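Residues per chain are reported as follows:
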Amino acid sequence: MPLLPPLQRPWQRYLRSVLLVGVTSLLSVPVHRFVSPSNLVMLYLAAVVIAAIYLGRGPAALTAVLGVLAFDFFFVQPRLSFTVANSEYLLTFLGLLIVGLVISTLAARSREQADAARRREAQAVALYELSRDLASASDLDDILHVVVRHVGETFGREAGILLAAGDTLQTRSLSPGFALDEDEMAVAAWAFEEGQPAGRGTDTLADTAVCFMPLRTARGVLGVLGVQSIEPGVHLRSEQSRLLEVFASQAALAIERAEFAEQAREAQLARAADELQRALLNSVSHDLRTPLVSITGTLSSLEEDGACQGDPVQRSLITMAREEAERLNGLVGNLLDMTRIEAGALKATEEPCDIQEVINAALDRLGDRLVGRAVAIDTAELLVPMDFVLMVQVLVNLLDNALKYSPPATPIGVAARDVGGALEISVLDRGCGVPPDELTRIFDKFYRVHPSTGAGGTGLGLAICKGIVEAHHGRIWAENRPGGGTIVTVALPQEPPAPAAGSAA
Amino acid sequence: MMSEGGPRVLVVDDEPAIRRFLHASLSAHGYNVFEAINGQEGLVAVTNCRPDLVILDLGLPDISGIEITRRLREWTSVPIIIVTVQEQESAKIAALDAGADDYVTKPFGMGELLARMRASLRRAASPTAEPVFSTGQLTVDLGQRLVTVAGREVQLTPTEYDLLRTLVTHAGKVLTHRQLLRQVWGAGYEGEAHLLRVNMSNLRHKLEPDAARPSFILTEPGVGYRLRVASE
C-alpha cells in the first residue's frame, strides 16, 4: 500500500482534497451527458473514499462538502448555479454529505489503527531484540552495554546505568556523549532510594534534563537507568515511556541474573579454596605428626622395657627424650591450631555440655603436672552449648599458663557461674600477674609477658584460646587479682533456656 | 583363638616407621604381629591371618577407617582399636559408632596402647557379662537389679539403671553418646544429647563419692563414657 510521507503538512493535505474535487469535476464533464446526475454522485463518493484513505479525516470531510457543492454547481439543473430546480436533489446532497462524512471517519479510524499496530509491532520488535541480546550477554558489563545501546537505538536518546555499590550509586555504563552532573546524580540517588521514576517527564524533580527509571526486581532496587533526549524539548509519548519502563524491568532482571551468577561463581571459588586449605592443613598435620608418633612410641616402649631398668641414667635420658617429644608434639599442635584459626577453618560444633565435665577433662589432660598443687573448683552444674573438645583445650591452655607463671606452692582456682545469661569460666592463680598495660596484648600471637624468665612456650596458648572463644561468639579477658595473681575469664553466650530438666526419667 | 606365639595382632597402617616400631614393641610383649599397608590389604589380612585384635589407623590412603570398621563388623566381632590424630574427632566418633572397640590418639605411649589391647582382648574372651559386676566400691547385680556403693544400696530410676546396665555390659569399653542414647532411649533419640547429660549427672551424684571428680564412670572428652574396670 503506497503511503504518503507521514510528516506531510496539514495544509498540503487540504489543498490536495480541493484538487481532488476539481479533478473529479473535470472527469465528470464528459461523462455527465451519458449518465443521470444521481449516478454521477458515485464519482464524488469515490473521491471522498480516496481522500479518507490517503489524506485523513479532515480533508475527507472537506472533500465531501466541496463534492456536494461542486455537484450542485456543475451538474444539477439549473447548471452553474447553486439553486436547485428539482427539490429531489436535496436528498441526493444530503446522502452524499452523510455517506462522505461517515466513510471519512471510518477510513480515518482504520488508518489510525493500522498506525498503532505498526508502532506496537515496532515496540515488540525492539523488546524482542533487547531480550535476545540480553540473553546472549555473557557478563554484567556486556548486559549494561546492551541496555545502553538498545535504549539509544529505540528511543533516540542518550542512556546511562548507575548501579548500587553498598549504599551509594556508581556510574557503570554511559553512552558516548552522556555525562551526569552533581544535580543529576542527586536526582538519580532519589530515584534509587525511593524506587520511583524521577526527573524529566515525571512528577518529581521534572526540571532536570535527564529522566531516571529505577531498576527494580523482587529483591529490591538494583540501580537506576538514566535517559536524556538528544534534541532538547522532544518528549517521550506516553506509550514510549511505558516501553521505557518495560526496558528498565528487563534490564533489572538481566542485571540481577548476572549478579546471581557472579555470586554463585564466588561461592564456588571460596569453597574450592576452603577445601584446598583443609586438605593442605591435614596433610601438613599428618606429615609433622607421623615421625613424632614413631619417636614417642619407640621411646615409651624403651622406657617400659626391662632393657635399661638397671641403669637409672639411661632411663632418665629416655624419659627426658620422650617428654621433649611430647612437648614438640604440643608445639606442632599449637601451630596447626593457630593456622586453622587464622584461616577461619576452626568450626565450633556446639552442643549442651556439663561444665563440670569440661573442667574434669581439662584436669585429666594435665595429669601429673597438677600433682602437689591445690586446685579449688567452684562450679555449679551448668549445661551450656559449646564444643566440648575445643573448650577443654581452652581450659588446658589457661591452667597450663597458671601452672607456669605461679610459684609451685600456690593454689589455682577454676570457677564457673551463670552471669546474666552468659557462662563465665575463670582460671585464677597467685602468680606474678600481668602489667596493666599488657592485659589485652597477652592474647596477641607470639606475645609473651616475661620472655626473659624462660618459662617456655611459644606465646600461642592465649591466642588460641581467644580464637576458640571467638568461634563460640564469646569473649575472653584478663585482669589482675586483688592480693596478687591473674584471673583469666571466658564468657560464653548461653542460648535461651536449654531443654535440660524435665526429660530426666 | 590364640596361637602358641601369643595373641595375633594385625596392624593396619600406611606409615612404615609406625608399623616397624609397633612390630618391634608388640613382638617384645609376646604378640604375634601381622602387618597391612592399606585398607584393601587389611581387609584381606583379617580373613587370612584370623587376628585376635586389629590396630587400625584412621587416615589410610585408600579406604577410610570408618568404612573398614563397617565392613569388618558385617561378619566379625574381632576387637578393633583405632589410631587417630586429634584433628579427626568426628571420624573417630563415627568409627566407634560403626563398632570399633577403643581408640588411642597419636602420639601414644606403648603403655597406654598395651593396656587398651589387654582390656579389649579380655572383653572378647568373655563376651557375656558376669551377673555381678564390681569395680572399686561399686557393685552391680544385674540378676537382682541391685546397685550398692560401699555396701549401701542405691535407689536408681529405671532410666538411670538402664544407663548403668548398658555401661556395665560393656565395662571398660568406650560407649559413644549415640550408642548410649540408642541403647537406653531407643533409635529415635540419638540427637538428644541433653537427655544423656542430665541422667549421667544424676547417676554420678548417686554413685560417685565425689561427683565432680568421677572415679567409676569416666568421661571420654567429646566422645562418650566408659565404665572403669577393676584392673585399670
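Residues numbered from 1 in each chain as written. Chains lettered and ligands numbered in written order. Predicted model: local features only at pLDDT ≥ 70, side-chain atom pairs only at ≥ 80, totals over all residues. Heavy atoms only, no water.

Draft legend 1. Representation of the overall build of chain B. Helix and strand counts for chain B stand at 8 helices and 12 strands. Taking 232 residues into account, the globule formula puts the C-alpha radius of gyration at 17 Å, and chain B, at 18 Å, falls close to it. The dimensions of chain B, computed from C-alpha atoms along their principal axes, are 50 × 40 × 30 Å. Here chain B holds 232 residues, and the buried ones make up 57% of them. Only carbon and sulfur atoms are counted for the fraction: they give 49% of the accessible area of chain B, which is about 9,700 Å². A distance of 3 Å separates the average location of the 25 positive side-chain charges in chain B from that of its 28 negative side-chain charges. (Helix = DSSP H or I, 4+ residues; strand = E, 2+ residues; numbered from the N terminus. Rg over C-alpha atoms; globule rule 2.2 N^0.38 Å. Buried < 20%, exposed > 50% of the residue type's maximum accessible area, 1.4 Å probe, protein only. Areas by Shrake-Rupley, 256 points an atom, 1.4 Å probe, with all protein chains shown as cover. Lys, Arg positive; Asp, Glu negative; His and termini not counted. Charge placed at Lys NZ, Arg CZ, Asp CG, Glu CD.)

Draft legend 2. Local environment of the pairing of strand β1 (residues 8-12) of chain B. All names here are of chain B. Across the 5 residues of β1, 5 count as buried, placing the element largely inside the fold. A two-sided burial pattern is seen for β1, the buried positions comprising R8, L10 and V12 on one face and V9 and V11 on the other. Looking at chain direction, β1 and strand β2 (residues 32-36) are connected through 5 bridges and run parallel. Considered in β2, the bridge of R8 is made with N32. Crossover handedness for the path β1 to helix α1 (residues 16-28) to β2: right-handed. As defined by bridge partners, β1 adjoins strand β3 (residues 53-57) across 4 bridges and the pair is classed as parallel. Opposite V9, over in β3, you have L53 as the bridge partner. (Pairing = 2+ DSSP bridges. Right-handed = clockwise from strand over helix to strand, strands pointing away.)

Draft legend 3. Looking closely at the packing of aromatic side chains. All names here are of chain A. Within this structure, the stated rule accounts for 7 aromatic pairs over all chains. Ring centres of F73 and F82 lie 4.8 Å apart, and the angle between their planes is 45 degrees; on these two criteria the pair is classed as tilted. Geometrically, the ring pair formed by F155 and F247 is edge-to-face, given 5.4 Å between the ring centres and 75 degrees between the ring planes. Of the two residues, F155 is situated in helix α5 (residues 140-155) and F247 in helix α7 (residues 238-304); the sequence distance between them amounts to 92 residues. Judged by its relative accessible area of 1%, F247 falls in the buried class. (Phe/Tyr/Trp six-rings, centres within 6.5 Å; stacked < 30°, edge-to-face > 60°.)

Draft legend 4. Representation of a nonpolar patch on the surface within the structure. There is a patch of nonpolar side chains on the surface, built from L91(A), L94(A), I98(A), V102(A) and L106(A) and spanning about 500 Å² of accessible area. Within the secondary structure, L106(A) sits in helix α4 (residues 88-136). (Patch = residues over 30% accessible without salt bridge, like charges linked within 9 Å, V, L, I, M, F, W, Y side chains within 5 Å. Salt bridge = Lys/Arg side-chain N within 4 Å of Asp/Glu carboxyl O.)

Draft legend 5. Focus on the domain arrangement of chain A. For chain A, the domain assignment lists domain 1 (10-124), domain 2 (137-259) and domain 3 (351-493). A C-alpha centroid distance of 59 Å is found between domain 2 of chain A and domain 3 of chain A. (Domains from an automatic or database assignment.)

Draft legend 6. Structural detail: the domain arrangement of chain B. Residue and element names in this part refer to chain B. Domain annotation for chain B reports domain 1 (8-125) and domain 2 (132-227). Here the C-alpha centre of domain 2 lies 27 Å away from the C-alpha centre of domain 1. Taken together, the contact pairs 11 residues of domain 1 with 13 residues of domain 2. In total, about 930 Å² of surface goes out of reach between domain 1 and domain 2, with carbon and sulfur atoms giving 45% of it. One can count 2 salt bridges joining domain 1 with domain 2. Taking the shortest distance from any N to any O, the salt bridge between R226 and D102 comes out at 3.1 Å. Linking domain 1 with domain 2 are 5 residue pairs in polar contact (both at pLDDT 80 or more). When residues of the side of domain 1 that touches domain 2 are traced back to their parent elements, those giving at least two are α4 (89-97), β5 (102-105) and α5 (110-125). (Contact = heavy atoms within 4.5 Å. Buried area = accessible area lost by both parts, 1.4 Å probe. Polar contact = N/O pair within 3.5 Å; in protein donor to acceptor, adjacent residues only side chain to side chain.)

Draft legend 7. Here's a closer look at the sheet that holds β2(B). Residues and elements named next belong to chain B. Across the sheet, which stays open at both edges, the 5 strands sit in the order β2-β1-β3-β4-β5 with parallel pairing between neighbours. The open sheet has two edge strands with one neighbour each: β2 and β5. When strand polarity is set aside, the average angle formed by the axes of neighbouring strands in this sheet is 20 degrees. α1 rests against β1, β2 and β3 of the sheet, and its axis sits at about 165 degrees to β2. Lying over the sheet, α5 contacts β1, β3, β4 (80-84) and β5, oriented at roughly 175 degrees with respect to β5. (Axes fitted to C-alpha atoms, helices over the stretch in contact; angles between N-to-C directions.)

Draft legend 8. Region of the structure containing the nonpolar core. Residues and elements named next belong to chain A. Core analysis: the biggest nonpolar cluster contains 49 residues, and I355, V358, M386 and L423 have the highest contact counts within it. It is helix α10 (residues 388-404) that provides the largest number of residues to this core, a total of 11 residues. Setting aside residues up to four positions removed in sequence, L423 forms contacts with I355, L382, V384, M386, A416, R417, V490, A491, L492 and Q494. (Core = buried A, V, L, I, M, F, W, Y, C linked by side-chain atoms within 4.5 Å.)

Draft legend 9. Expanded view of the interface of chain B and chain A. On the chain A side, the residues contacting the 39 residues of chain B number 36 residues. Summing both partners gives a buried area of about 3,100 Å² for chain B against chain A, and 55% of it is carried by carbon and sulfur. Put simply, chain B and chain A have 3 salt bridges between them. Between E357(A) and R204(B) there is a salt bridge whose closest N-O contact spans 3.3 Å. For the pair chain B and chain A, the number of links is 7 residue pairs in polar contact (both at pLDDT 80 or more). Mapped onto the side of chain B that touches chain A, the elements with two or more residues apiece are α1, α5 and α8 (193-207) of chain B. Per element, the largest residue contribution to the side of chain B that touches chain A is 11 residues, and it comes from α8(B). In the side of chain B that touches chain A, the residues fall into 17 nonpolar, 15 polar and 7 charged. (Nonpolar A, V, L, I, M, F, W, Y, C, P; charged D, E, K, R; others polar.)

Draft legend 10. Summary view of the side chain of T63(A). Residue and element names in this part refer to chain A. Mapped onto the elements of the fold, T63 is located in helix α3 (residues 57-75). Looking at T63, the relative accessible area reads 1%, which means it is buried. The residues touching T63, leaving out its near neighbours within four places in the chain, are S17, L20, V21, A47, V48 and A51.

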